[in-house]
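Reading the structure
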Amino acid sequence: MSGEDIYYKGDSDYWKAYREGRPRVPDSYFERIIEYHARNGGEFNVWHDMGAGSAVHTRRLAPKFKTTIVSDSGASNVEAAKTYLGEDDSYKFRVAKGEEAADLEPGTVDLVFGANMIHYTDVDETLRAVLHQLKPGGTLALGGFGLPILLDPELQNLWAEVIHRRFEVTFESNRSAVGLFVQASSPHDAVPFDTQYFRSGALRLKFNERNGWSWRRCMVPKSLDESIPHVTRFGEEDVIVHENNDDWSFEADITVMRKILETFPLPPDPVRDNLWRQLEIAFGGRVVPATWPSSLTLVTKR
Ligand SMILES: C[S@@+](CC[C@H](N)C(=O)[O-])C[C@H]1O[C@@H](n2cnc3c(N)ncnc32)[C@H](O)[C@@H]1O
């Protein structure tokens, strides 16, 4: 079972709700990608937004490059991307998996960006496809935005219960997709970069894991630690950086949290509904500070 079977066969309405419920990604995040790419000698001709969905982030990087390839494995998502971006000759659209690159000229892409998507793919196949298309000295940037942390211990505990319950139910009904859940619950920790093909020193940035809440712990209940182990496939010279970054802060109320929850499929579940009611009551009319754990993994092709 692939990720697409579980999630994401979206039309424009689906993606509108997704945009509302996922984080406002700060400019500094994209500036970091550009800075890394330039520092490592990258050029600014062609970039590829892989697994772009409805082009959620495409406009954030497109102005820096002459040509933008937008791809997604779902045809309806690529249609939604075309509608969202509009007509522009600098955009080239593909319905293609991350694992597929035979239609792209070898060594022609300067930067590949994949946000919140690599866990849905066969990671080794996707890395092979990325290496096929990247120029030597080109950048692979993997983005990931996890689940928010409410900076109020009582509310965070209740929110985590809602999220953990949803995750548990999704896992139980898709047990054969354990590889997907291992990848999804680690901020790219299980994505390896073979230094035969990538320069050593992959940069693994991890933002806003705080108050004891890691990306993984926000998502996976302790009861699933054995079934869904935390797999790390770090290289010896990888650089792992943890940072708090206030650019990701936001003000959370119960309406905002509902929008975030609704970016996931929510099959009927009275247990989750009950947990949600407890969160609603505890929130009352309050607004509390919150932040998004996120990750950015940057590596250069040899
Ligand atoms: C969570 S959405 C991410 C969309 C966008 N990149 C973002 O960060 O908001 C995951 C996307 O990955 C796509 N996807 C799933 N399996 C894929 C695969 N094997 N190759 C490429 N994209 C895939 C889905 O269709 C979906 O659009």
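The structure reproduced in this document is the subject of the present report.

The rules behind these values
Residues numbered from 1 in each chain as written. Predicted model: local features only at pLDDT ≥ 70, side-chain atom pairs only at ≥ 80, totals over all residues. Pairing = 2+ DSSP bridges. Helix = DSSP H or I, 4+ residues; strand = E, 2+ residues; numbered from the N terminus. Axes fitted to C-alpha atoms, helices over the stretch in contact; angles between N-to-C directions. Parallel < 35°, antiparallel > 145°, perpendicular 65-115°, else oblique. Left-handed = near helix turned anticlockwise from the far one by under 90°. Contact = placed C-beta atoms within 7 Å. Nonpolar A, V, L, I, M, F, W, Y, C, P; charged D, E, K, R; others polar. Expected span 1.5 Å × (residues − 1). Buried ≥ 20, exposed ≤ 12 C-beta atoms within 10 Å, placed from the backbone.

**Looking at the sheet that holds strand E10 (residues 288–291)**
Read across the open sheet, the 3 strands follow the order E6-E10-E9; overall the sheet is antiparallel. Edge positions in the sheet fall to strand E6 (149–150) and strand E9 (250–252), since each of these pairs with one other strand and no more. The pairing of E9 with E10 spans 3 bridges and is antiparallel. Directly across from Ala252, in E10, lies its bridge partner Val288.

**What about the packing of helix H7 (residues 153–172) against helix H11 (residues 270–283)?**
The interhelical angle for the contact between H7 and H11, taken along N-to-C directions, is 165 degrees, at an axis separation of 9 Å. By the angle between their directions, the pair H7 and H11 is classed as roughly antiparallel. The way H7 lies across H11 gives a crossing that is left-handed. For the pair H7 and H11, contact is made by Glu154, Leu155, Leu158, Trp159, Glu161, Val162, Arg165 and Arg166 and by Val271, Arg272, Leu275, Trp276, Gln278, Leu279, Ala282 and Phe283, respectively. Each residue belonging to the contact of H7 with H11 can be placed in one class, and the counts come to 10 nonpolar, 1 polar and 5 charged.

**Describing H7**
Under the 1.5 Å per step criterion, the end-to-end length of H7 is 28 Å for 20 residues, consistent within 8% with the ideal 28 Å. Looking at H7, one finds that the buried residues are Leu155, Leu158, Trp159, Ala160, Val162, Ile163, His164, Arg166, Phe167 and Phe171.

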